[in-house]
Amino acid sequence: MQPSAAPDPVDLAHTHARPLHWLATATATAAVVALAGALTPRTAEAGSATAASAPAAPGPAAAPDAGTADYPIPCGGAPHRIAQRATGDLDGDGKPETIAVVHCEAGSGTPPAGLYVLTHGRGDTASARVVATLVDPREQRSVTGLAIRDGAVRATLLGYSSPDVPSCCPDEKEQVTWEWTGGAFVRSTGAAARGA
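None of these values were measured; they are calculated from a predicted model.

Reading the values: the criteria
Residues numbered from 1 in each chain as written. Predicted model: local features only at pLDDT ≥ 70, side-chain atom pairs only at ≥ 80, totals over all residues. Heavy atoms only, no water. Helix = DSSP H or I, 4+ residues; strand = E, 2+ residues; numbered from the N terminus. Contact = heavy atoms within 4.5 Å. Areas by Shrake-Rupley, 256 points an atom, 1.4 Å probe, with all protein chains shown as cover. pLDDT = per-residue confidence, 0-100. Disulfide = S-S within 2.5 Å. Buried < 20%, exposed > 50% of the residue type's maximum accessible area, 1.4 Å probe, protein only. Pairing = 2+ DSSP bridges. Axes fitted to C-alpha atoms, helices over the stretch in contact; angles between N-to-C directions.

(A) Up close: the overall build of the protein chain. Secondary structure summary: the protein chain contains 3 helices and 8 strands in total. The linear arrangement of helices and strands in the protein chain, starting from the amino end, is α-α-β-β-β-β-β-β-β-β-α. Sequence separation of 24 or more characterises 37% of the internal contacts of the protein chain that already satisfy a separation of 6 or more. Carbon and sulfur atoms provide 57% of the accessible area of the protein chain, an area that totals close to 12900 Å².

(B) Quick look at the confidence of the model for the protein chain. When the pLDDT values of the protein chain are averaged, the result is 76; 64% of them are 70 or greater. Note that pLDDT drops below 50 for residues 40-54; the model gives that stretch 0 contacts with residues more than four away or on any other chain. Every residue in residues 192-196 is under pLDDT 50, and counting partners more than four places away or in other chains gives 9 contacts.

(C) Quick look at the state of the cysteines. Evaluated as defined, the whole model comprises 2 disulfides. Across the disulfide, Cys75 is cross-linked to Cys104 (sulfur-sulfur distance 2.0 Å). Measuring handedness by torsion sign, the sulfur bridge of Cys75 and Cys104 sits at about -90 degrees and is left-handed. Note that Cys75 is positioned in the loop between helix H2 (42-53) and strand E1 (80-88) and Cys104 in strand E2 (residues 97-104), a separation of 29 residues in sequence.

(D) Summary view of the pairing of strand E3 (residues 113-119). Most of E3 is tucked away, with 7 of its 7 residues classed as buried. Of the two faces of E3, the one lined by Ala113, Leu115, Val117 and Thr119 and the one lined by Gly114, Tyr116 and Leu118 are each fully buried. Pairing geometry for E3 and strand E4 (residues 129-135), over 5 bridges, is antiparallel. The partner of Leu115 across the bridge, within E4, is Val135.

(E) Fine view of the sheet that holds strand E7 (residues 172-181). Within the open sheet, the 4 strands sit side by side as E5-E6-E7-E8. Their pairing is antiparallel. With partners counted over all chains shown, the strands left at the sheet margins are strand E5 (142-149) and strand E8 (184-189), one partner each. Within this sheet the neighbouring strands show an average axis-to-axis angle of 25 degrees, counted without direction. Here strand E6 (residues 152-159) runs beside E7; their pairing, made up of 8 bridges, is antiparallel. When the bridges of E7 are listed, Leu157 appears paired with Glu174.

Shown next as structure tokens:
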């Protein structure tokens, strides 16, 4: 007869857990966890508190809202329309400006446009304000292809060679660039504007 591989039940008496055994185990585990928490370096705790209380890094500033500005465009009581807009830092101060092409609403033809530079108004809720007029509507020009590249305003101006040219069909085209130089926007045209 082969001996049984199972241990004698009398030998396993010490493996039966009693309530006192579980209480002792739970108390010992709690003591180890508390001791581990007490021995944790304070630098980790201070670092997380500092990160939580530090103000968030400011994001990029929002550009002025072209829809809030009061434009110096004479529309004779008719509404005006913002045809194009672009944003970018034109004067190198780290805050974006907005450039807006604005014209009066016209029933037909190509209405002359104004090209305006906007900055934030004074105060948190103030409207954007016009600080420069790059193209005056009295010049009888249309503005297309508006862009800001490398801190310069670029656009194509369409115009008329004579009063006999129909307003629907401008017959002159000029590439123009404006750059902030010496406290003012300096305009260049033609080949100089294309190369800028």
